[in-house]
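Each chain, letter by letter, is given below.
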Amino acid sequence: MEMKKRISLELRNRTPAEVAELVVDNCRSSDGEIEGLTDEFKELEFLSMVNVGLTSLAKLPSLPKLRKLELSDNNISGALETLAEKCANLTYLNLSGNKIKELSTLEALQNLKNLKSLDLFNCEITTLEDYRESIFELLPQVTYLDGFDAEDNEAPDSEADDDDDDDEDGEEGAGHLGEYEEEEEEDEEGSEGGEVGLSYLMKEDIQDEEDDDDYVEEEEEEGEEEAEVRGEKRKRAAEDEGEDDDEDDD
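Rules and cut-offs
- Residues numbered from 1 in each chain as written.
- Predicted model: local features only at pLDDT ≥ 70, side-chain atom pairs only at ≥ 80, totals over all residues.
- Heavy atoms only, no water.
- Helix = DSSP H or I, 4+ residues; strand = E, 2+ residues; numbered from the N terminus.
- Contact = heavy atoms within 4.5 Å.
- Areas by Shrake-Rupley, 256 points an atom, 1.4 Å probe, with all protein chains shown as cover.
- Buried < 20%, exposed > 50% of the residue type's maximum accessible area, 1.4 Å probe, protein only.
- Pairing = 2+ DSSP bridges.
- Phe/Tyr/Trp six-rings, centres within 6.5 Å; stacked < 30°, edge-to-face > 60°.
- Lys NZ or Arg CZ within 6 Å of the ring centre and 35° of its normal.
- Arc of directions from axis to C-beta.

A.B. asks: Outline the overall build of the protein chain, listing residues and values.
C.D. replies: For the protein chain, the helix and strand inventory stands at four helices and six strands. Order of helices (α) and strands (β) in the protein chain, N terminus to C terminus: α-β-β-β-α-β-β-α-β-α. A fraction of 50% describes how many contacts in the protein chain between residues 6 or more apart in sequence connect residues 24 or more apart. Carbon and sulfur atoms form 42% of the exposed surface of the protein chain, whose accessible area is close to 16,600 Å².

A.B. asks: Lay out unusual backbone geometry in plain terms, naming residues and giving numbers.
C.D. replies: Of note, Ala79 is a non-glycine position whose phi angle comes to about 55 degrees, a positive value. In this fold, Ala79 is placed in the loop between β3 (68–70) and α2 (81–86). Notably, Asp130 is not glycine yet its phi reads approximately 55 degrees, a positive angle. Overall, the relative accessible area of 47% leaves Asp130 in the partly exposed class.

A.B. asks: Break down the side chain of Ser72 for me, with residues and values.
C.D. replies: Take Ser72: it is sitting in the loop between β3 and α2. When sequence neighbours within four positions are dropped, the list of residues in contact with Ser72 reads Met49, Val50, Asn51, Asn94, Ser96 and Asn98.

A.B. asks: Run through the sheet that holds strand β2 (residues 46–48), naming residues and quoting values.
C.D. replies: On the basis of which strands lie adjacent, the open sheet formed by six strands has the order β1-β2-β3-β4-β5-β6 and parallel pairing. Of all strands in the sheet, those with a lone pairing partner are β1 (21–23) and β6 (144–145), marking the two edges. Pairing of β2 with β3 involves three bridges; the strand directions are parallel. Paired with Phe46 across the two strands is Lys68, which belongs to β3.

A.B. asks: Tell me about the packing of aromatic side chains, residues and numbers included.
C.D. replies: Summed over the entire model, instances satisfying the criterion amount to zero aromatic pairs. Above the plane of the ring of Tyr92 lies Lys68, whose end atom (NZ or CZ) is 5.1 Å from the centre.

A.B. asks: Run through helix α3 (residues 131–138), naming residues and quoting values.
C.D. replies: Buried within α3 are the following residues: Tyr131, Ile135, Phe136 and Leu138. Mapping the buried residues of α3 onto a view down its axis gives an arc of 165 degrees, with all of them on the same face. Of the exposed residues in α3, those oriented more than 90 degrees away from the buried face are Glu133 and Glu137. In this structure, the buried residues of α3 make contact with β5 (117–119) and β6.

A.B. asks: Mind laying out helix α1 (residues 3–11), listing which residues take part and the relevant values?
C.D. replies: Within α1 the residues assigned to the buried category are Met3, Arg6, Ile7, Glu10 and Leu11. Buried positions in α1, seen along its axis, are confined to an arc of 145 degrees and lie on one side of it. Opposite the packed face of α1, turned more than 90 degrees from it, sit the exposed residues Lys4 and Lys5. The secondary structure elements touched by the buried residues of α1 are β1.

This is the structure we're talking about:
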């Protein structure tokens, strides 16, 4: 895909002024020149043009807010003055895998006062004797060359830092989730306890009703027995009266 068309697709219904990051890796440039990138990308902070066949930066537009520029695996051999003219605020520049051979080619980068990190992996210049010492002397503003400082301390990985932050956020989120789950468990236990309590009370009520029914039945039985006793007494009294009458007649 041509670079111009790729840039148009990467806009995704945005205006160039709304784009802060632009990646057009592995597309094709016409005649080794930048195309489709204009001064309208004034808010651009990160630009990646890896393996696009660039041989020149002459058509690089003015990008005053650009901080990071990825140009690895192209065919750039010089004319780096454009970078200082158009991207004066660069802090990171990756020229790995290009045709950089001489220290003099990098002299143009002296005007990039904010440049802190420079990558030249797989460039012929890395085979020069005292390569690292020479670069740090030529570009004193550079702290990290090919990922390490002058004392061979590795550069901090911003992406790793971001991952650590994400992990911390994830752990914190997991903590909140754990608390939420514990609360849910407590609620469930409480609900179960409530159900048990309710069931118990219902059983108690049922038992009380049964006891009341038994008591009523017992009262009814006692009443019936008392009625029978009273009936027997009346019957016996009547019989006794009858006998007394018979005696009087005699």
